[in-house]
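Per-entry structural report
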Amino acid sequence: MTPVAMVTGAARGIGQATAVALARQGFDVAICDLQPTAEPPDTIRSIGEAGRQAWYRQCDVADRAQVEAFFTETIARLGRLDVLVNNAALNIRKPLVELEVEDVARVWAVSQWGVFHCSQLAARQMIRQGEGGSIVVISSVHAEQPYARSTSYNGAKAAVNQMARTWAVELAPHRIRVNAIEPGWTDTPGERTFYSEDQIREEGKKLPLGRLARPDEIAAAVCFLVSEQAAYITGSILRVDGGIVLPR
Ligand SMILES: NC(=O)c1ccc[n+]([C@@H]2O[C@H](COP(=O)([O-])OP(=O)(O)OC[C@H]3O[C@@H](n4cnc5c(N)ncnc54)[C@H](O)[C@@H]3O)[C@@H](O)[C@H]2O)c1
C-alpha cells in the first residue's frame, strides 16, 4: 500500500520542495495552495517524475469548509493519510503601531488556525486508520527570536510550537508523532518578494554558514522526521537554521 502525504502551501518554496522530496521517498502526495484553477505545474511534474501520484486542490487553509473538502477528496482519491506537513503560512510585516486588526486576524487565521484545522482532521483520519502517522508543523525561528515587524507571525509560530507539543502528548497513544521544524532564513519566492538578489547574497554572507538555506534542506528535515529513523522522536522542535540564532 502506497503511503500518502499531504502538504499545504505546496505551489512553491519549502512546501513545493517538501512535496517533491516526500514523493521521492515513496509517498503519493496531496497538495493544496491558493491558486484558483490550474495545478501548480512544477510541483505536479516533479512528483510525477518521482513515479508517484500527485493531486492538487485549491484550498485556503484558513477556511474550515475548504480544508474539510480537501481532506474528504484526498481520502476519496488516495485512500488514506499517513503524513501531514503544515507548511502554508502568512506574514504581514508591519510595526506594532501600524498593524490593522484585520492584518493580525488574517495572519493568525492562516498560520495558526490553518495548522489547527489540518492537524485536527489529519489526527481524526489517522486514528480511524489505526496505523499511526506523522504530523510536521513548519514553524520558524521567529517562534523564539522576536524579530521586529512580525508581531502576528511571531505569535502564531510560538503558538503552533506549543500546539504541536500538546498534540504529541495526546496522540502518542495512537502512535501518531507530532514535531515542528524551525527553519532559519530560507531562499524562497516568498522571501524574494521582500529582498533583492543582492540583498539575499550579501545578507546571507553574514550568517554563520555564509548563506541562506535552500528549500530542499528544510524538506530533508521533514523527510527525516516522518521516516522510521525518527520513530522515537515526538514533541520535538528541530531548528534547521544554519546557526542563525547563535550568538555572533
Ligand atoms: N523562507 C523563510 O525564510 C522561512 C523561515 C522560517 C519559516 N518559514 C516557514 O516556511 C513555510 C513556507 O515558507 P516559504 O518561504 O516557502 O513561503 P512562500 O511564500 O514562498 O510559499 C508559501 C506558499 O503557501 C501558500 N499559501 C499562503 N497562504 C495560504 C493559505 N491560506 N492556504 C494555502 N496555501 C497558502 C502560498 O500561496 C505559497 O505558495 C511557512 O510556514 C513559513 O512561515 C519560512
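Residues numbered from 1 in each chain as written. Predicted model: local features only at pLDDT ≥ 70, side-chain atom pairs only at ≥ 80, totals over all residues.

**Quick word on the environment of Val-141**
Relative to the assigned elements, Val-141 resides in the loop between β5 (133-138) and α5 (151-171). Val-141 has contacts with Glu-182, Gly-184, Arg-239, Asp-241, Ile-244 and Val-245, leaving out every residue within four places of it along the chain. (Helix = DSSP H or I, 4+ residues; strand = E, 2+ residues; numbered from the N terminus. Contact = placed C-beta atoms within 7 Å.)

**Section: the sheet that holds strand β6 (residues 176-183)**
With respect to topology, 7 strands assemble into an open sheet ordered β3-β2-β1-β4-β5-β6-β7, the strand pairing being parallel. Strand pairing shows two members of the sheet lacking a second neighbour, β3 (54-58) and β7 (237-240), which therefore form its edges. Averaged over all pairs of adjacent strands, the angle between strand axes in this sheet comes to 20°, irrespective of strand direction. Taken together, the 5 bridges between strand β1 (residues 4-8) and strand β2 (residues 28-33) define a ladder with parallel strand orientation. Within β2, the position partnered with Met-6 by the bridge is Ala-30. (Pairing = 2+ DSSP bridges. Axes fitted to C-alpha atoms, helices over the stretch in contact; angles between N-to-C directions.)

**Topic: the site of the ligand**
Within the structure, the ligand sits among 29 residues, and Gly-9, Gly-13, Ala-89, Thr-188 and Gly-190 are positioned closest to it. Among the elements of the structure, α1 (13-24), β2, α4 (101-129) and α6 (189-192) are those that each provide at least two residues to the shell around the ligand. Class assignment for the residues of the shell around the ligand results in 15 nonpolar, 10 polar and 4 charged. (Near = placed C-beta within 6 Å. Nonpolar A, V, L, I, M, F, W, Y, C, P; charged D, E, K, R; others polar.)

**Topic: the packing of helix α3 (residues 64-78) against α4**
Across the interface, α3 lies against α4 with an axial gap of 10 Å and an inter-helix angle of 35°. In this structure, α3 meets α4 at a crossing whose hand is right-handed. When α3 is examined against α4, the residues Arg-64, Val-67, Glu-68, Phe-71 and Ile-75 are found in contact with a partner set consisting of His-117, Cys-118, Leu-121 and Gln-125. The class makeup of the residues in the contact of α3 with α4 is 5 nonpolar, 2 polar and 2 charged. (Left-handed = near helix turned anticlockwise from the far one by under 90°.)

**Here we look at the pairing of β1**
Counting buried positions along β1 yields 5 of 5 residues, so the element is predominantly enclosed. In β1, alternate side chains face the same way, and those of Val-4, Met-6 and Thr-8 on one face and Ala-5 and Val-7 on the other are all buried. As for the winding sense of the linkage, the β-α-β connection from β1 through α1 to β2 is right-handed. Two elements, β1 and strand β4 (residues 83-86), share 3 bridges in a ladder whose sense is parallel. Looking at the pairing, Val-7 lines up with Val-85 of β4. (Buried ≥ 20, exposed ≤ 12 C-beta atoms within 10 Å, placed from the backbone. Right-handed = clockwise from strand over helix to strand, strands pointing away.)

**Re α1**
For α1, which comprises 12 residues, the first-to-last C-alpha distance of 17 Å matches the rise-based estimate of 16 Å (1.5 Å per residue) to within 8%. With 10 of 12 residues buried, α1 is to be regarded as a mostly interior element. Those residues of α1 not exposed but buried are Ile-14, Gly-15, Gln-16, Ala-17, Thr-18, Ala-19, Val-20, Ala-21, Leu-22 and Ala-23. One or two positions beyond α1, positive phi appears at Gly-26, with a value near 105°. (Expected span 1.5 Å × (residues − 1).)

**Observations regarding the nonpolar core**
One finds Leu-22, Val-29 and Val-222 to be the most contacted residues of the largest nonpolar core, which totals 68 residues. Leave out the neighbours within four places in its chain, and Val-29 touches Ala-5, Val-7, Ala-19, Leu-22, Ala-23, Ile-47, Arg-52 and Ala-54. (Core = buried A, V, L, I, M, F, W, Y, C linked by C-beta atoms within 7 Å.)

**Brief notes about unusual backbone geometry**
Here the phi dihedral of Arg-149 falls at roughly 65°; this positive angle occurs in a residue that is not glycine. Topologically, Arg-149 is positioned in the loop between β5 and α5. Here Arg-149 falls in the partly exposed class, since 14 other C-beta atoms lie within 10 Å of it.

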